[in-house]
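As a plain string of letters, each chain reads:
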Amino acid sequence: MYTVFFIGTAGSGKSSLVASLSTWMEDQGYDIGIVNLDPAAEYLPYVPDIDIRDRISARKIMKQYKLGPNASIIAAVDMVVTEAERIKEEMEVVGAPIYLIDTPGQMELFAFRQSGAYLVQKLSDVHSLVVYVADAVYIQTIDGFATTMLLALSSRIRFKKPQILVVNKADLLTEDAISNIINWAEDPETLLESIDLPNYEKEILRSVANMGGFITPLFVSAKTGEGLDKLYYQLQVHYTGGEDAQ
Ligand code: GTP
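Remember, it's a predicted structure, so these values are computed and weren't measured experimentally.

**Student:** Quick one: what's the story with helix H1 (residues 14–27), residue by residue and with numbers?
**Tutor:** Along an α-helix, residues three or four positions apart point the same way, because every turn accommodates 3.6 residues. The first and last C-alpha atoms of H1 sit 20 Å apart over 14 residues, in line with the 20 Å expected at 1.5 Å per residue. Along H1, the residues that are buried comprise Lys14, Leu17, Val18, Ala19, Ser20, Leu21, Ser22 and Met25. One or two steps after H1, the chain reaches Gly29, where phi turns positive at roughly 95°.

Here is the structure:
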């Protein structure tokens, strides 16, 4: 069983990417499963095989415990941990060779609380991977690029899993914006020369870049399907070293 977790800031397009990648893979004849771990999702653009909302719903928790919207989402995400064993069993029953796992909307609730790291460990089999989904509109600015690289690094530290960095919504980027992003990743000095930062922060960023922390992303669009073949290829490379994953 190969588990692929989709992590990213709110609205970056995790659910849309799970939907379009799953459709793309099914069209190619691959057998895949989808797990939704977001107890606060109002609408999902795919039909999950396993849906945490069947057991835990942020909306119900809000009413039952008279919590505000944020507190109920935090409580709900933390409660997902209690279902980890059962989710894993259901995944084994469904028996898909590859699972795409959609995670809660607000990344910090999943990445920076105990529950997220525990769930990733628990639901990971021998092969597992994190797809960090960055938002194209945000990453095209110089500050947006730098902070995305640091957030992706934080989630690598947190989950201790191999990671693929994708920029979703590439359909919204001009060719110039795409080449800027690639340039910043491949030649960090161009970014460091232009970024407006005090010396201390700039030197930290330089260290991160020099240690290979600026990663050239894969550009995809959940909307147009652009780059999905390349994303699948990267998933395969991780799983089998390039052979087909099934
Ligand atoms: P939450 O879980 O709700 O925080 O969001 P998410 O990260 O799952 O993002 P979601 O898939 O809900 O997408 C957020 C918004 O971005 C929606 O309005 C999508 O239609 C839009 N969107 C997602 N992917 C793309 C894309 O590739 N291109 C464009 N133009 N819009 C996109």
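**Student:** Can you tell me about the nonpolar core, naming the residues and giving the values?
**Tutor:** Counting 53 residues, the largest nonpolar core has Ile87 and Phe145 as the members making the most contacts within it. With sequence-adjacent residues up to four places away left out, Phe145 is seen in contact with Tyr138, Ile139, Ile181, Trp184, Ala185, Leu191 and Phe214. Ranked by size, the runner-up nonpolar core spans 28 residues in total, among them Val18, Leu21, Ile34 and Leu218.

**Student:** Would you mind going over unusual backbone geometry in detail, with residue names and values included?
**Tutor:** A positive phi is found at Lys160, a non-glycine position, where the angle reads about 55°. Structurally, the position occupied by Lys160 is in the loop between helix H8 (142–159) and strand E6 (163–168). Given the relative accessible area of 65%, Lys160 is considered exposed. Positioned with a positive phi, Lys169 is a non-glycine residue whose angle comes to about 70°. With respect to the secondary-structure elements, Lys169 resides in the loop between E6 and helix H9 (175–186).

**Student:** Explain the layout of surface pockets to me, using residue names and the numbers behind them.
**Tutor:** In this structure, the largest pocket encloses a volume near 180 Å³. For the largest pocket, the full set of lining residues is Pro39, Ala40, Ala41, Glu42, Arg53, Ser57, Ala58, Arg59, Met62, Pro69, Ser72 and Ile73. Mapped onto the lining of the largest pocket, the elements with two or more residues apiece are helix H2 (58–65) and helix H3 (69–80). Residue composition of the lining of the largest pocket, grouped by class: 7 nonpolar, 2 polar and 3 charged.

**Student:** Quick rundown of the pattern of salt bridges? Include the residues and the values.
**Tutor:** Inspection of the entire model under this criterion finds 10 salt bridges. Of the charged contacts in the structure, one is a salt bridge between Arg55 and Glu83, with a shortest N-O distance of 3.5 Å. Of this pair, Arg55 sits in the loop between strand E3 (50–51) and H2 while Glu83 is found in the loop between H3 and helix H4 (84–94), placing the two residues 28 residues apart along the sequence. Close ionic contact of Arg55 with Glu90 constitutes a salt bridge, the shortest N to O distance being 2.5 Å. In this pair, Arg55 is assigned in the loop between E3 and H2 and Glu90 in helix H4, connecting sequence segments 35 residues apart. Taking the relative accessible area as the measure of exposure, Arg55 reaches 37% and is therefore partly exposed. Because the salt bridges share partners, they merge into one network encompassing Arg55, Glu83, Arg86 and Glu90.

Rules of the game
Residues numbered from 1 in each chain as written. Predicted model: local features only at pLDDT ≥ 70, side-chain atom pairs only at ≥ 80, totals over all residues. Heavy atoms only, no water. Helix = DSSP H or I, 4+ residues; strand = E, 2+ residues; numbered from the N terminus. Expected span 1.5 Å × (residues − 1). Buried < 20%, exposed > 50% of the residue type's maximum accessible area, 1.4 Å probe, protein only. Core = buried A, V, L, I, M, F, W, Y, C linked by side-chain atoms within 4.5 Å. Contact = heavy atoms within 4.5 Å. 1 Å grid on protein atoms, 1.4 Å probe; cavity = no way out; pocket = protein on both sides within 12 Å on 5 of 7 lines; lining within 4 Å. Points joined across faces, edges and corners; volume = space filled by probe spheres on them. Nonpolar A, V, L, I, M, F, W, Y, C, P; charged D, E, K, R; others polar. Salt bridge = Lys/Arg side-chain N within 4 Å of Asp/Glu carboxyl O.

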